[in-house]
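Chain by chain, the residues:
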Amino acid sequence: MDKSKMSCPFAHARAEKGFGDMNDQEDSVKILLRLKDVRKTAKNWKTFQSGGEEVGRIVVPSEVHIRDTRQIPFEVDPPEHTAYRNLVEPWFKRPNEEAYQSKLREIVNVVLDDVITKKNIEVVSEFSLVIQSRALTVLLNTPFKESETWIDWGTHVFRSEDTDLDADKANILYDYIEKEIDRVLKNPTDDLYSKLVNSEINGKKLTKEEVKGVMILTFAGGRDTVINAITNTIAYFAEHPKSLARIKENPEMINTAIEELIRYYAPLTHMGRVVTEDTQVCEQDIKAQSRVSLCWASANRDEKTFKNPEEVILDRKMNPHISFGFGTHNCLGATHARALLRVIVGELVKKVKTIDILEHVDNIEDLDEFKRKVGFNSLTVKFNGI
Ligand code: EMZ
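None of these values were measured; they are calculated from a predicted model.

Draft legend 1. Representation of the pairing of strand E11 (residues 352-367) within the structure. Where E11 meets strand E12 (residues 370-385), 14 bridges bridge the pair, whose relative direction is antiparallel. Bridge assignment links Ile-355 to a residue of E12, and that residue is Phe-383. Hairpin connection from E11 to E12: two residues lie between these consecutive antiparallel strands, with Asp-368 at a positive phi of about 60°.

Draft legend 2. Representation of the site of the ligand in the model. Around the ligand, the structure places 13 residues, and the nearest of them are Glu-63, Gln-71, His-156, Phe-158 and Asp-224. Measuring from an oxygen atom of the ligand, one finds a side-chain N or O atom of His-156 at 3.5 Å. Side-chain polar atom of Asp-224 to an oxygen atom of the ligand: 3.5 Å apart, as the coordinates give it. Here the ligand, which alone exposes 340 Å², has 89% of that area covered by the protein. It is helix H9 (residues 208-221) that contributes the most residues to the shell around the ligand, three residues altogether.

Draft legend 3. Layout of empty space enclosed by the protein. Taken as a whole and assessed by the stated rule, the structure comprises one cavity of 30 Å³ or more. The volume enclosed by the largest cavity comes to roughly 50 Å³. Every residue lining the largest cavity is listed: Met-6, Ser-7, Cys-8, Pro-9, Phe-10, Tyr-264, Ala-297, Arg-301 and Arg-372. Looking at the lining of the largest cavity residue by residue, the classes come out as six nonpolar, one polar and two charged.

Draft legend 4. Spatial organisation of the packing of helix H7 (residues 167-186) against H9. For the pair H7 and H9, interaxial distance at closest approach is 10 Å and the crossing angle is 125°. Relative to H9, H7 is oriented oblique. Handedness of the H7/H9 crossing: right-handed. Mapping the contact onto sequence places Leu-173, Tyr-174, Tyr-176, Ile-177, Glu-178, Ile-181, Asp-182 and Leu-185 in H7 and Lys-208, Val-211, Lys-212, Met-215, Ile-216 and Phe-219 in H9. Broken down by class, the residue content of the contact of H7 with H9 amounts to 10 nonpolar, no polar and four charged.

Draft legend 5. Quick look at the pattern of salt bridges. Under the counting rule described, the total for this entry stands at 32 salt bridges. One salt bridge in this structure joins Arg-183 and Glu-180, with 3.1 Å as the shortest N-O distance. Highlighted residues: Arg-183 and Glu-180, both in helix H7, separated by three residues, approximately one helical turn. Note on Arg-183: relative accessible area 27%, which makes it partly exposed. Of the residues examined, Glu-180 reaches a relative accessible area of 9% and is grouped as buried. Through salt bridges with shared partners, a single ionic network connects Asp-24, Asp-27, Glu-54, Arg-57 and Arg-291.

Draft legend 6. Seen up close, the pairing of strand E10 (residues 291-294). Residues Arg-291 and Ser-293 of E10 are buried on one face, and the alternating residues Val-292 and Leu-294, pointing to the opposite face, are buried as well. Relative to E10, strand E2 (residues 27-32) runs parallel, the two being bridged by four bridges. If you follow Val-29 over to E10, its bridge partner there is Arg-291. Here four bridges tie strand E7 (residues 271-275) to E10, and the two strands are oriented antiparallel to one another. Across the sheet, the residue bridging to Met-271 is Leu-294, located in E10.

Draft legend 7. Spatial organisation of the side chain of Lys-212. Within the secondary structure layout, Lys-212 lies in helix H9. With residues up to four places along the chain from it excluded, the contact list for Lys-212 reads Thr-69, Tyr-174, Ile-177, Glu-178 and Ile-181.

Draft legend 8. A look at the layout of surface pockets. Space inside the second largest pocket adds up to approximately 230 Å³. Taken together, Leu-32, Arg-34, Asp-37, Lys-40, Thr-41, Asn-44, Phe-48, Thr-279, Gln-280, Val-281, Cys-282 and Glu-283 make up the lining of the second largest pocket. Among the secondary structure elements, those contributing two or more residues to the lining of the second largest pocket are helix H2 (35-43) and strand E8 (279-281). Here the residues of the lining of the second largest pocket sort into four nonpolar, four polar and four charged.

Cut-offs and rules
- Residues numbered from 1 in each chain as written.
- Predicted model: local features only at pLDDT ≥ 70, side-chain atom pairs only at ≥ 80, totals over all residues.
- Heavy atoms only, no water.
- Pairing = 2+ DSSP bridges.
- Helix = DSSP H or I, 4+ residues; strand = E, 2+ residues; numbered from the N terminus.
- Near = heavy atom within 4 Å.
- Polar contact = N/O pair within 3.5 Å; in protein donor to acceptor, adjacent residues only side chain to side chain.
- Areas by Shrake-Rupley, 256 points an atom, 1.4 Å probe, with all protein chains shown as cover.
- 1 Å grid on protein atoms, 1.4 Å probe; cavity = no way out; pocket = protein on both sides within 12 Å on 5 of 7 lines; lining within 4 Å.
- Points joined across faces, edges and corners; volume = space filled by probe spheres on them.
- Nonpolar A, V, L, I, M, F, W, Y, C, P; charged D, E, K, R; others polar.
- Axes fitted to C-alpha atoms, helices over the stretch in contact; angles between N-to-C directions.
- Parallel < 35°, antiparallel > 145°, perpendicular 65-115°, else oblique.
- Left-handed = near helix turned anticlockwise from the far one by under 90°.
- Contact = heavy atoms within 4.5 Å.
- Salt bridge = Lys/Arg side-chain N within 4 Å of Asp/Glu carboxyl O.
- Buried < 20%, exposed > 50% of the residue type's maximum accessible area, 1.4 Å probe, protein only.

What follows is the structure in structure tokens.
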């Protein structure tokens, strides 16, 4: 059995009716499954809101009980959204710079050089989490040693082993960020916190709460998503050594290959919106104040757009996947995530010949009507060097 395979649990419902229903903490969600509907809904921010009063409600499972701080720009709608987005956008485009990528390459190489000497490696905690955390120091432009603290937090900043929504765990992150903001208020550096506390929108400095909102998003949004993307990529190449060899021979394939892996594995299954007025989607009446979700994972397998959607085709030509969302709120961290995955695969093919999977425990997301494998709780492998 191919352990890297991630079959689409939405295929039947997508073809039959185009949606699914989920009861999330007694607050239902209508999950939109077709690419066309997902795109249309994502663009219509007036009717399908990301902001709104209840902070955390667009996330599924809803985070209304574990946080009050609005994540920015993620939980703000236009026109306010535009000013925040324009403010942070240049910072989050830094991963396009060669100097940035060479820092990522150094980080990845240190980890790779280490893992190929080991008998076995648990990829989630000893590879993906370590690389994600160390790479985040480059995105934030903070000292490398901060990554040690973040590694200790584990794979998800709000989720712990026994609970999906762990308020105590969330508080560790909030306290940490508050201290960091206080630090730069006294002694600014050239990190992201300092950049934010010194920024203005319409002539007004960002408040501490706003800075905190951007920072929470930066930590939370790119955590389990990036870890899943890296772990699934390793599992894929473990099961497909010929693909590893093919990319080694044809390094110019890397960008299309990464896009295809991101399409196929869609690290974030879906994201919600709150409906502002009575409306219809998929010919269903939707009441104001109820929730819908935009299922990126299903949209990416929509056979109306993608040929052989259940197959990983590393040189897929037409690939309008929406793993990073679509429209106003498309992922701010996408440039960093793409750069990191390209570097990982680029270095992996140079150093690793094959990867043996020794043990694995799948991470299955429970969406009521659907159960989706989103990655691994653990994946123990042996990296065989070249
Ligand atoms: C939120 C979300 C953002 C949420 C792009 O996704 O990621 C989730 O993992 C977090 O729990 O708070 O940041």
